[in-house]
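Examining the three-dimensional arrangement
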Amino acid sequence: MKYVFGPVFSRRLGFSLGVDLVPYKVCSMDCLYCEVGKTSEKTTSRLEYVPLDSVKSELGEFLKASPDIDFITFSGYGEPTLYSKLGELVDFLKENYSYRLALLTNSSLLYRDDVLEEVKKIDVVLPSLDAATQSTFEKINRPVEGLKLEQLVEGIERLIKETPCEVWVETLFVKGVNDSPEEVEKIGEIIHQLKPHKWQLNTVVRPPAYSVKGLSLLELEKIKERVGYPSTEIVAGFKREKRKMGALELKNEVYGIVVRRPCPIDEIASALGVSEEEVERAVSLLIEEGKVREIFFGGTPYVKGIV
Ligand code: SF4
């Protein structure tokens, strides 16, 4: 499959079927911490980057087996709201299936009427807000020229007030970039004003696009305590029941996960419901075929797909 991947384990959404709506690596930002890689095309142009009919037919093919998943998630290589057919795809899924839909977005286009209209039927929207000042925003998210932090805040506010979507705002903290007491306090003020259904704290836990470091769990706990927003959670993982999978299928599934973001062996095993030994065997084959390589981040080995 070209546009549909997974289901993959996501720390925030459980087991979700991912849908890629923009090619590698089209985005309106070039975040220091991006797990996908450096942005090669920084844009706010909304286009049909991938053919809608092909996406629909891949989804139809996958969903005919009625898989047990928590969400169908628009995410992947770049910013999904750049996809001009997002609204049509949401309508297609809502009319034909009963799966819950989720959108991971960097919030850059949510202030626009057309985008808001297209995302309003999505069950859970997870917009990012990593800064409280324009200078920190530019430092951490490296947005397309002219994009203002106020536009992101306005977009999230409109999403909360004008749509029935459940809104889980994520702030990803990067050591020495957006974790100063002043920035944290101001981010906290914005969160208290916005009142999202959840505020999720995250940090750099996978190999990032640029050389940056994350915060410890203790540091995130302190931020949570200092801001004191009632529905705050620090993102955490869990495991699923074991399942049987053929060697070829497993190898393809492993590649489908790590080509989108680097993963440690145990997380791949957890995502796919197989043992770590089975994943290790699949990874060895993929290394032999030149399709993946092992990299280290924070002392932990990750498997990274070669695009
Ligand atoms: S983290 Fe998201 S918003 Fe930032 S560069 Fe990567 S894909 Fe774009």
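Reference entry: report on the structure contained in this document.

What counts, and at which threshold
Residues numbered from 1 in each chain as written. Predicted model: local features only at pLDDT ≥ 70, side-chain atom pairs only at ≥ 80, totals over all residues. Heavy atoms only, no water. Buried < 20%, exposed > 50% of the residue type's maximum accessible area, 1.4 Å probe, protein only. Helix = DSSP H or I, 4+ residues; strand = E, 2+ residues; numbered from the N terminus. Contact = heavy atoms within 4.5 Å. Pairing = 2+ DSSP bridges. Axes fitted to C-alpha atoms, helices over the stretch in contact; angles between N-to-C directions. Right-handed = clockwise from strand over helix to strand, strands pointing away. Near = heavy atom within 4 Å. Nonpolar A, V, L, I, M, F, W, Y, C, P; charged D, E, K, R; others polar. Phe/Tyr/Trp six-rings, centres within 6.5 Å; stacked < 30°, edge-to-face > 60°.

1. Here we look at helix H9 (residues 265–272)
Summarising burial for H9: 7 of the 8 residues are buried, a large majority. Of the residues making up H9, those classed as buried are Ile265, Glu267, Ile268, Ala269, Ser270, Ala271 and Leu272. Contacts from the buried residues of H9 go to strand E1 (4–10), strand E2 (14–20), helix H8 (247–258), helix H10 (276–288) and strand E12 (300–305). Looking one or two places after H9, you find glycine 273, whose phi comes out positive at around 70 degrees.

2. Regarding the sheet that holds strand E6 (residues 101–105)
With respect to topology, 8 strands assemble into an open sheet ordered E1-E2-E5-E6-E7-E8-E9-E10, the strand pairing being mixed. Of all strands in the sheet, those bounded by a partner on one side alone are E1 and strand E10 (232–234). Looking at each pair of strands side by side, their axes are set apart by 25 degrees on average, direction ignored. Of the pairings in the sheet, the one linking strand E7 (residues 124–127) to strand E8 (residues 166–173) comprises 2 bridges and is parallel in character. Directly across from valine 125, in E8, lies its bridge partner valine 167.

3. Regarding unusual backbone geometry
Following tyrosine 24, the chain continues into lysine 25 via a peptide bond in cis, with omega recorded as -10 degrees. For lysine 25, the location among the structural elements is in the loop between E2 and strand E3 (26–27). The backbone phi angle of serine 66 is positive, close to 45 degrees, even though this residue is not glycine. Assignment of secondary structure puts serine 66 in the loop between helix H1 (52–63) and strand E5 (71–75). The phi dihedral of lysine 195 falls on the positive side, at around 55 degrees, and the residue is not glycine. Looking at the element boundaries, lysine 195 is found in the loop between helix H6 (181–194) and strand E9 (198–203). In this structure lysine 195 comes out as exposed when scored by relative accessible area, which is 55%.

4. Quick notes on the pairing of E9
E9 sits mainly inside the fold: 5 of its 6 residues count as buried. With 6 bridges joining them, E8 and E9 adopt parallel strand pairing. Counted as the bridge partner of glutamate 170 is glutamine 200 from E9. After leaving E8, the chain enters H6 and then returns to the sheet as E9, a path that is right-handed. Pairing analysis gives 3 bridges linking E9 to E10, with the strands arranged parallel.

5. Section: the site of the ligand
Taken together, Lys25, Cys27, Met29, Asp30, Cys31, Tyr33, Cys34, Thr39, Gly78 and Asn106 make up all the residues around the ligand. When the residues that make up the shell around the ligand are grouped by side-chain class, the tally is 5 nonpolar, 3 polar and 2 charged.

6. Quick notes on the packing of aromatic side chains
Across all of its chains, the model carries 2 aromatic pairs by this definition. Measuring from centroid to centroid gives 5.6 Å for tyrosine 24 and tyrosine 77, while their planes differ by 90 degrees, and the two rings are edge-to-face. With tyrosine 24 in the loop between E2 and E3 and tyrosine 77 in the loop between E5 and helix H2 (86–96), this pair connects stretches of sequence that are 53 residues apart. Relative accessible area serves as the criterion here: at 13%, tyrosine 77 is assigned to the buried category.

7. Some points on H2
For H2, every residue scored as buried is listed here: Leu86, Gly87, Leu89, Val90, Phe92 and Leu93. If you follow the buried residues of H2, they end up packed against E2, H1, E5, E6 and helix H3 (113–119).

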